[in-house]
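# Architecture and fold: a report
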Amino acid sequence: MERPRHQGMAKNTYMRWRLPLVCLLWEVAMIVLFGVFVRFGPEADAHWEEEKKELNLTSDMENDFYFRYPSFQDVHVMIFVGFGFLMTFLKRYGFGAVGFNFLLAAFGIQWALLMQGWFHSFKNGKILVGVENLINADFCVGSVCIAFGAILGKTSPIQLLVMTLFQVTLFSVNEYILLNLLHVKDAGGSMTIHTFGAYFGLTVTRILYRPNLEQSKDKQGSVYHSDLFAMIGTLYLWMYWPSFNSAISEHGDAQHRSAINTYCSLAACVLTTMAFSSMLQKKGKLDMVHIQNATLAGGVAVGTSAEMMLTPYGSLIVGSISGIVSTVGYVYFTPFLESRLHIQDTCGIHNLHAMPGLIGGIVGAITAAAATEDVYGKEGFIKAFDFTGEYQTRTPSVQGGFQAAGIVVSLLMAFVGGTIVGGILKLPIWGDAAAENCFEDEVYWEV
Amino acid sequence: MERPRHQGMAKNTYMRWRLPLVCLLWEVAMIVLFGVFVRFGPEADAHWEEEKKELNLTSDMENDFYFRYPSFQDVHVMIFVGFGFLMTFLKRYGFGAVGFNFLLAAFGIQWALLMQGWFHSFKNGKILVGVENLINADFCVGSVCIAFGAILGKTSPIQLLVMTLFQVTLFSVNEYILLNLLHVKDAGGSMTIHTFGAYFGLTVTRILYRPNLEQSKDKQGSVYHSDLFAMIGTLYLWMYWPSFNSAISEHGDAQHRSAINTYCSLAACVLTTMAFSSMLQKKGKLDMVHIQNATLAGGVAVGTSAEMMLTPYGSLIVGSISGIVSTVGYVYFTPFLESRLHIQDTCGIHNLHAMPGLIGGIVGAITAAAATEDVYGKEGFIKAFDFTGEYQTRTPSVQGGFQAAGIVVSLLMAFVGGTIVGGILKLPIWGDAAAENCFEDEVYWEV
Amino acid sequence: MERPRHQGMAKNTYMRWRLPLVCLLWEVAMIVLFGVFVRFGPEADAHWEEEKKELNLTSDMENDFYFRYPSFQDVHVMIFVGFGFLMTFLKRYGFGAVGFNFLLAAFGIQWALLMQGWFHSFKNGKILVGVENLINADFCVGSVCIAFGAILGKTSPIQLLVMTLFQVTLFSVNEYILLNLLHVKDAGGSMTIHTFGAYFGLTVTRILYRPNLEQSKDKQGSVYHSDLFAMIGTLYLWMYWPSFNSAISEHGDAQHRSAINTYCSLAACVLTTMAFSSMLQKKGKLDMVHIQNATLAGGVAVGTSAEMMLTPYGSLIVGSISGIVSTVGYVYFTPFLESRLHIQDTCGIHNLHAMPGLIGGIVGAITAAAATEDVYGKEGFIKAFDFTGEYQTRTPSVQGGFQAAGIVVSLLMAFVGGTIVGGILKLPIWGDAAAENCFEDEVYWEV
């Protein structure tokens, strides 16, 4: 089929020296920085035998590895298969979806181990890593995978690596502000991962606005089998989300509770998504876009509160609402964002991550503010919100206020950071494709 | 291609108000019932800190979460990806297979948490849930996924939701009779999940018999890639079946033993399936239908006995036999059932679940009847069959008799329940498609 | 398209009696041998209740099941979905890739439980099995899956079963020599699994050299969707490799450390693979073959050393190098091996397993030789290398020497074994296809 040739065709997408250079230089930088800073934490170090005696531990089972490794693997699957395959819905961009997600996440987890390590695991000049660091690195990269969803098909792998570098950095700063300065709870990352990641990505795609994108409109759709591949991503995200929200919660009841709340929220979300998907379409048929995405909003929306005493019915309510909001978003907001605000959001992350992330932050703030010693038990109350040390006197309502502040900080960080990073990505040196070659694997892959 | 138009074309498959109404009303009902009844169990409640002290537990590891959560996640994958993708083998029904399975399971687990909760976790007016409840809810829904296999491609999503509502209810009653009244062991559900689920589904499809189904014969087959998608489902079911059969067994040796027995049975099953698949075909070629399904019969057939001292070679024998029975079933029984008994069994659940389920119940009864204190050890014997309290004096042979009774009860419940529910589903108000539109995603999905 | 008919067309690929006979006879043999030899190990036996008291264990958590079962399941997925789908990249050999891998692995794990059991778990005339045996059986079969990669598309299922029988046997002998006689560490199997498996497979494919294979050149490529199916295999191998390398390490810090080292190595490997994939192609585009395979070399290359104090930056270095070596291998070595050495390596296992396996063996020898009590701690040092009993006085440098010897033994075993087994497979009785029918499912499958 002949397609009209535009000025865009002149764009240079030749990667041969640029991509290898970035990959290799950055990997060398990782090696040097890891060499200087990263060491095994006490539970992964061969000195653990002695450590055990000092800590008077009678069983190897007390090693954090056994508390968190199964959840880590589930989270790992969500990042690489979950996000990777969710984005294969485009008919001719499956390699880019899975492959670039693989690339950016593999780089991102290394950089996140460093950035988060400096903030949270730094001791005597060294970053001491254990399984919890691996989970947190995956979490951090999750926010980049989300942002990738907004610019899917429109950026070069180099742009993605550059974005990852900056976004991981900003994520870590924002996370530090929330967790350490505001002393906010956000184990499943409604604010740090979803709100921040989504609004960051939306800001970037706004800056990278492509007025002629309708030239590749025919490639923005799916085909039958690409929709089934995307369902692999959807289901793995959906099934493992209870692990995601509970992976770094406190040992014991908190992990247990997070998993139950998330399970309930996600189940409810499927029903309201199906309901609205059918209702908002004239012929009453279901739309795979909604099933692939909005069914997951329930996981996002309990990301902050899952480890709290949200209760199973509370989770059903939150999940139900977020499924509705997300589906409505796909039908009405996405076209609006594109036509009026020039925000071209390929995967609809505004509906799957941004709005549900905000809901999650708000629900978290309310749940925290509503906490009582009666509901949590005296000790459980202190443990749940870590009201110790300098936070000994913080009340639930104050905690709720700080939680709300966490949302605002995450939004600000996303808008400011996204604007700057978007500006950097706009430089004409990164090898992005012309509008008529977007959503097309042939540009960067041998097909 | 022009296809002849039949009276069936007049059928109203318009879902726009019916599906949303059912989904939303039922979800509201769930929220209300959860609000009234469902609370966190002690191990997921923030009071666990105090509970631990009372129970004198020294480690958070004693929380049931750590004994069962990895198995739960495997079971979760089996229900949503395993069953969902197993049914994508049809060339034009992949969305329906994965999507409707998703819908019915998401509703079913909520309703199962309530139904099973009232029977088994009810305390002081509340249902107290923990990770074991999540597993059991998934199990219960597993029986609905099985029944779905029989009617795949011939029912509307509303019919599936209605069937789920009733089947979960009947499942819970049957489970209560077996586990509590008959005091039967069935950790992997040969009887409660497979026998009940399959004969229920077969009865329903018999009631819903469609005389003109050959009109959509061309769509009942697979294409190359749909068979590969189905293999994703097959393999996840096959790999995680050891987790399925061990998920709710007693802590320690019983979980360990269940996994080993199931691993062995499934391995043997693959070899006999391949052998008979080749043998029963004139050209000696292998048939993907058998590989996708009959290889799993070994998991079904040790569902009752896996946690008993079946022994690895016993498992190999059971697995070998069930692979043969199942493959022979696909070649000879399925056509017979359709032509003579008017049982149209889309996925051949009679071969994968019904017959192996019966084998599983019988093997369980024999293994129980053959138990001795010598083989189990004095304490192990009591623990394995829970011969405590009012069952203190029950002998292995009596236990074997009760196990056998469990099969009969499950069958009766399936036939009676299936007949009634089939009758309800036959009402012309649920929006099922005409015969010539069966096995076709376009009816309910935007394609 | 008309293709020329060659003498090869006369080849008899009719499986109807041969395949069933082999499958059934061998399964009967397994049942007999299991009946004579295999019993539950103490932790899976119902006597465990008493055992616990004798061992003074206070918690069921001390059962090895809970230390290893999650890793076992991950390894299980790698063997069946990982290897199975990785090989579906061929456009018309998806059934053979997934299905034959399923068949050979299901047989292989049974035979491996026996062979490895006789060598390592034999007590009072019985093989006592537990979860670690299941993992080791999967590992052993992993080496067969690797060898399968070299001959993919060119052999009959009977040949694969025959190869499995012999290779599992040789694997077990080699493993015994390495672990018991040389007292070598190789938890992730760089030597026993990858080096042995790959060179064994390469030797077999050399013996089975087909001069006319270019006749099926058109079928040796991939199509768009088959590449996406292959990425499922790639990602599951990549994500779960930390579980693979840590699955049978000592409880506690060793398992923890193995997972971290592997995670790091694999992350680095992705970046160097992408870099070289782009660099070695004139247009600078990425090649899916490299992404699907070379990204995994990092897991292979830390298979021996992951449980040692390799350190995270050491892992990054090893991963980086192996990604480069592997990608360069695909571009330059594979064509060379085929044209000059007549080694037709369908999946390029020389690049993914052979060379990285050698690297892994060497890195392991160096890491062991460099070990000090300072780095490991006094007790950790002894525990890490099991310097107890007769090995009490072995020094790190001696250990390094034995590790190096392990590589040589594995290579010798592979070459000699591969030559003999290749010779057996060359007999004209196993039903392999003619050159022009290679890489074609229709030969053995109903399509």
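Only a predicted model underlies this, so the values are computations on that prediction, with no experimental measurement involved.

## Brief notes about the sheet that holds strand β2 (residues 122–123) of chain A
All names here are of chain A. Taken in spatial order, the three strands of this open sheet run β1-β3-β2, and their pairing is mixed. Looking at strand neighbours, the two that pair on one side only are β1 (38–40) and β2, the edges of this open sheet. Bridge count for β1 against strand β3 (residues 126–129) is three bridges, and the pairing is parallel. Paired with Val38 across the two strands is Ile127, which belongs to β3. Packing of helix α1 (residues 18–37) onto the sheet brings it into contact with β1, β2 and β3, and relative to β1 it is tilted by some 55 degrees.

## Some points on the sheet that holds strand β2 (residues 122–123) of chain B
All names here are of chain B. If you trace the three strands from one edge of the open sheet to the other, you get β1-β3-β2, paired in mixed fashion. Pairing within the sheet leaves two strands with one partner each, and these edge strands are β1 (38–40) and β2. Packing against the sheet, helix α4 (residues 94–120) makes contact with β1, β2 and β3 (126–129), and its axis sits at approximately 105 degrees to β3.

## Details of the confidence of the model for chain A
Averaged over every residue, the pLDDT of chain A is 95; residues scoring 70 or more account for 98%. We note a pTM of 0.97 for the whole complex and an ipTM of 0.96 for its interfaces.

## Here we look at the relation of the copies chain B and chain C
Screw-axis analysis of chain B against chain C gives a translation of 0.0 Å along the axis, an RMSD of 0.0 Å, and a rotation angle of 120 degrees. Here the transformation between the copies is reduced to the relation of a three-fold axis. Among all C-alpha atoms of chain B, that of B:Pro70 lies closest to the rotation axis, at 3.6 Å. Different-surface contact between copies: only 11% of interface residues of chain B are shared with the interface of chain C.

## Considering the pattern of salt bridges
Two side chains with opposite charge may pair up if their charged atoms get near one another. All names here are of chain C. This model, assessed by the stated rule, comprises 33 salt bridges over all chains. One salt bridge in this structure joins Asp253 and Arg257, with 2.8 Å as the shortest N-O distance. Separated by four residues within a single helix, Asp253 and Arg257 lie in helix α9 (residues 253–279), roughly one turn from each other. Arg257 matches Asp253 in its accessibility class, with the two residues each being buried.

Reading the values: rules and limits
Here, residues in each chain are numbered from 1, in the same order as that chain's written sequence. Think of it this way: whatever chain is written first is A, whatever ligand is written first is 1, and the rest follow in order. Totals for whole chains, interfaces and linings use all residues, but because this is a predicted model, local features are given only for residues with pLDDT of at least 70 and pairs of side-chain atoms are given and counted only at 80 or more. Processing note: side-chain calculations cover all non-hydrogen atoms of the structure and skip hydrogens and water entirely. For two strands to pair, DSSP has to find at least two bridges joining them. Each helix is a run of H or I in the DSSP string that is no shorter than four residues. Each strand is a run of E no shorter than two, and both are numbered from the N terminus. What makes two residues a contact is simply this: any of their non-hydrogen atoms within 4.5 Å. Helix axes are fitted to C-alpha atoms over the stretch in contact, other axes to C-alpha atoms as well, and angles between N-to-C directions run from 0 to 180 degrees. Values of pLDDT, ranging from 0 to 100, describe the predictor's confidence in every residue of the model. Our superposition of the copies is a least-squares fit, built on the C-alpha atoms of residues whose pLDDT is at least 70 in both. One speaks of a salt bridge when a side-chain nitrogen belonging to Lys or Arg is within 4 Å of a carboxyl oxygen belonging to Asp or Glu. Note on exposure labels: buried denotes an accessible area under 20% of the residue type's maximum, exposed denotes more than 50%, and partly exposed covers the range between, all computed with a 1.4 Å probe on protein chains only.

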